[in-house]
Amino acid sequence: MSARDQRWLAIGVPMVAGGGVLLAAILLLPGRTEVLHVERRAQPVSIALPPPLPLPTPAAAPQVPVLADAIKRADASELAALTETLQAAGQKVTTLQVAYDLKAAGRGPVALAYLAARPDGQAAETWPLRIDLLAETGQRDAAARLFDAAQGVPGPAIVAAAYALDRPDLLLVAAERGTISRPDAALSLDLARRLERAGQGAMIARLDRVGSDWRPRDPWLAIRVAQAAGDRRAALAAAGLLPVNQRDAAREAILTRAGDRAGLRQMLLARAQAPGADALPIAEQLLAAGARDDAVSVLAAAVGQGGPDGPAARRLLYLLGPRPGARDVAWLRQRTLAGSGAQQLDWIAAYADRDRPGEAAAFLARHPLADRTPVLLTRLRLAQAAGDDGAGRAVLARLLDGRALSADAVRAAGDFAPRKPDPAQLTALLRARIATGIAAPRDRMDLAWSAWNAGDAPRTVQLLRDYLANDGDDLPALRLMADAQAKIGGDRAARPWLEKALAQTPADSRAYAELLDRLGRRREAVALVERLRQKTPGDRQLVALHARLLIADGQPGRARMLLSQQ
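About the criteria used
Residues numbered from 1 in each chain as written. Predicted model: local features only at pLDDT ≥ 70, side-chain atom pairs only at ≥ 80, totals over all residues. Heavy atoms only, no water. Helix = DSSP H or I, 4+ residues; strand = E, 2+ residues; numbered from the N terminus. Buried < 20%, exposed > 50% of the residue type's maximum accessible area, 1.4 Å probe, protein only. Contact = heavy atoms within 4.5 Å. Areas by Shrake-Rupley, 256 points an atom, 1.4 Å probe, with all protein chains shown as cover. Salt bridge = Lys/Arg side-chain N within 4 Å of Asp/Glu carboxyl O. Core = buried A, V, L, I, M, F, W, Y, C linked by side-chain atoms within 4.5 Å. Axes fitted to C-alpha atoms, helices over the stretch in contact; angles between N-to-C directions. Parallel < 35°, antiparallel > 145°, perpendicular 65-115°, else oblique. Nonpolar A, V, L, I, M, F, W, Y, C, P; charged D, E, K, R; others polar. Arc of directions from axis to C-beta. Polar contact = N/O pair within 3.5 Å; in protein donor to acceptor, adjacent residues only side chain to side chain. pLDDT = per-residue confidence, 0-100. Phe/Tyr/Trp six-rings, centres within 6.5 Å; stacked < 30°, edge-to-face > 60°.

### Structural notes on the overall build of the protein chain
Scanning the protein chain for helices and strands turns up 33 helices and zero strands. A burial count over the protein chain gives 41% of its 566 residues as buried. A sequence separation of at least 24 residues applies to 51% of the contacts in the protein chain between residues at least 6 apart. Approximately 29600 Å² of the protein chain is accessible, and the part contributed by carbon and sulfur atoms is 53%.

Now the structure itself:
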């Protein structure tokens, strides 16, 4: 040592010692950093949920001028030597305080080197600061290694360090080693969430062994974790932890994602049996799961004793389609026998549209309501569809037994009448159409012909009067009226109608000649026929009319000659 250094020590050491006495009250008082550090160590070792414990605020600038100046400029080795010198001189200077002051001065790397150079720099009390400094300087791998080697570090400090590094896996390992006490439910939940977000969901199973049960606090997370692990049973168990109004949707989603159609089917069927269950959406879900028969059963149960017009019944009938299977047909037949009379009639209509016409007609013929007008009309339609004219005539006879029929019923009876109806039934239908006010003009004309063919001239006249009141120029009707009037009152009664018919008949026609003959204008009739024959000499009907007119005119020889030429 040089003489100059010896002189400095001779002067400086006594001054420092004297100053130490004067400044003892100040220097012996701990700085704010030391107080906070001691408080942190004095806390009980318990796991707290983040946010993590903050690092202490750096201490105020040291009161020793030489140390304050060194913290700004000196390197780690110089600071380590100065600390040792000051401590030897009795100064209250700690390694931890200097390191915190270096961190506060923005000299993190120097602080790390300083701690490495100090004999107490690796003590447990410096561990949180070292972790923080390593993370702050980008040395996260080194921080993780330091974390892994923690010995004698308080639990809260370990938790805070793991969160500072955003490494929930490190905290999990610490719990497995017993470095920290068993994480409570709150911390376990936060760790599970962080592990999932970090793509480390597989580690949650390890957390379950060393942590507390976090699932009741976040059932949806529990469901996701179980699904990621392919554990459907655990996912369903977690769904049971949800609020009641969310459980069914969650279970359905779990089973659907797992492709478990059998499980989904069982769940939906159980739901359908619950009081007040809405059958329609459940049936749709069963359909989507490929369980059509179950959907039909659910809807059928929902129909109960109701009619076919309810929402469930309409959806069911749509599902059954136009030609249901034997089991569905049997169910429809059973429905036609249950409920009120009105409901039975409604179900009969629905059933008749879905069974084979012949089989449906045979079943309805045995039904207790077989003689009701709506059922008779349905049976008539089925007989027509089956091509069974015999059955159709039998049903129509029953329908036209004198019962009161509405206009719609009469119209339907006419639409579904047999292809070969009985003439009497056809006449009865025409009368019913007239009686209900739905008759077309031709209906009266047809009925008039029926009356004429039956020899009922007065009825024929009555019907033709109504018909001709609307269509007075109809030639066939005028000629039929003339015939009916002639039968009742002779030629005189027929003459006005014959003259009306003549006015509506083309003058160069065979019909015109016939009317001339009936009006007693035979010579005109003969002359007209002769002219017509010149135009169409091969018309045998004209030849026959010509011969008849000649005979009536007293010329039989000429008539024979005419016929012999043919």
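Next comes the rest of the write-up.
### Quick word on the pattern of salt bridges
Tallied over the entire structure, the rule returns 32 salt bridges. The closest approach of N and O atoms between D69 and R73, which form a salt bridge, is 1.7 Å. Highlighted residues: D69 and R73, both in helix α3 (residues 65-73), separated by four residues, approximately one helical turn. The network of salt bridges with common partners includes D371, R398, D401 and R403.

### Points about the nonpolar core
With 67 residues, the main nonpolar core has L79, W127, F147, L171 and W214 as its most contacted residues. Sequence-distant contacts of F147, that is, excluding residues within four places in its chain, are made with W127, I131, I158, A161, A162, L170, L171 and A174.

### Here we look at the packing of helix α7 (residues 127-136) against helix α9 (residues 155-164)
Their axes nearest at 10 Å, the elements α7 and α9 cross at an angle of 5°. By the angle between their directions, the pair α7 and α9 is classed as roughly parallel. Judged by residue contacts, W127, P128 and I131 of α7 engage A157, I158 and A161 from α9. Looking at the contact of α7 with α9, its residues break down into six nonpolar, no polar and no charged.

### A closer look at helix α14 (residues 232-239)
Among all positions of α14, only A235, A238 and A239 are buried. Angularly, the buried residues of α14 cover 105° about the axis, an arc narrow enough to put them on a single face. Turned more than 90 degrees off the buried face of α14, the exposed positions are R233 and A237. Considering only its buried residues, α14 is in contact with α13 (219-228) and α15 (244-258).

### Here we look at the environment of G155
You can see G155 is positioned in helix α9. The class of G155 is buried, set by a relative accessible area of 2%. Between the C-alpha atoms of G155 and A174, which are 19 residues apart in sequence, the distance is 9.3 Å.

### With respect to the environment of Q87
Its place among the elements puts Q87 in helix α4 (residues 76-88). A distance of 2.6 Å separates a polar side-chain atom of Q87 from the backbone oxygen of V93.

### Focus: α9
Most of α9 is tucked away: nine of the 10 residues are buried. Within the span of α9, buried status applies to G155, P156, A157, I158, V159, A160, A161, A162 and Y163. Looking at the buried side of α9, the elements it contacts are α7, α8 (140-148), α10 (168-177) and α11 (185-197). Looking one or two residues past α9, D166 carries a phi angle of roughly 55°, positive in sign.

### Some points on the confidence of the model for the protein chain
In this model, the protein chain carries an average pLDDT of 81, and 88% of its residues clear a pLDDT of 70 or more. Looking across the protein chain, the model is least confident in helix α2 (residues 32-42), with a mean pLDDT of 33, and most confident in helix α22 (residues 357-365), with 95. Here residues 1-62 scores under 50 on pLDDT; set against residues more than four positions off or in separate chains, the count is 66 contacts.

### Examining the environment of D294
Counting through the fold element by element, D294 comes out in helix α18 (residues 292-303). Spatially, the C-alpha atoms of D294 and Q266 are 10.0 Å apart, while their sequence positions differ by 28 residues. With residues near it in sequence (within four places) discarded, D294 still touches R265, L269 and L286. Of the polar contacts made by the side chain of D294, one reaches the side chain of R265; its length is 2.3 Å.

### Comments concerning the side chain of D517
By secondary structure assignment, the location of D517 is in helix α30 (residues 510-518). Assessed through its relative accessible area of 12%, D517 is described here as buried. Here R548 takes part through its side chain, which lies 3.5 Å from a polar atom of the side chain of D517. When residues no more than four places from it in sequence are discounted, the contact partners of D517 are R522, A525, R548 and L549.

### So, the packing of aromatic side chains
Taken as a whole and assessed by the stated rule, the structure comprises two aromatic pairs. Judged by centre distance (5.5 Å) and plane angle (90°), the rings of W331 and W347 are edge-to-face. Taken as a pair, W331 in helix α20 (residues 326-335) and W347 in helix α21 (residues 341-352) lie far apart in primary sequence, 16 residues in all. Take W331: its relative accessible area is 23%, and that puts it in the partly exposed class.

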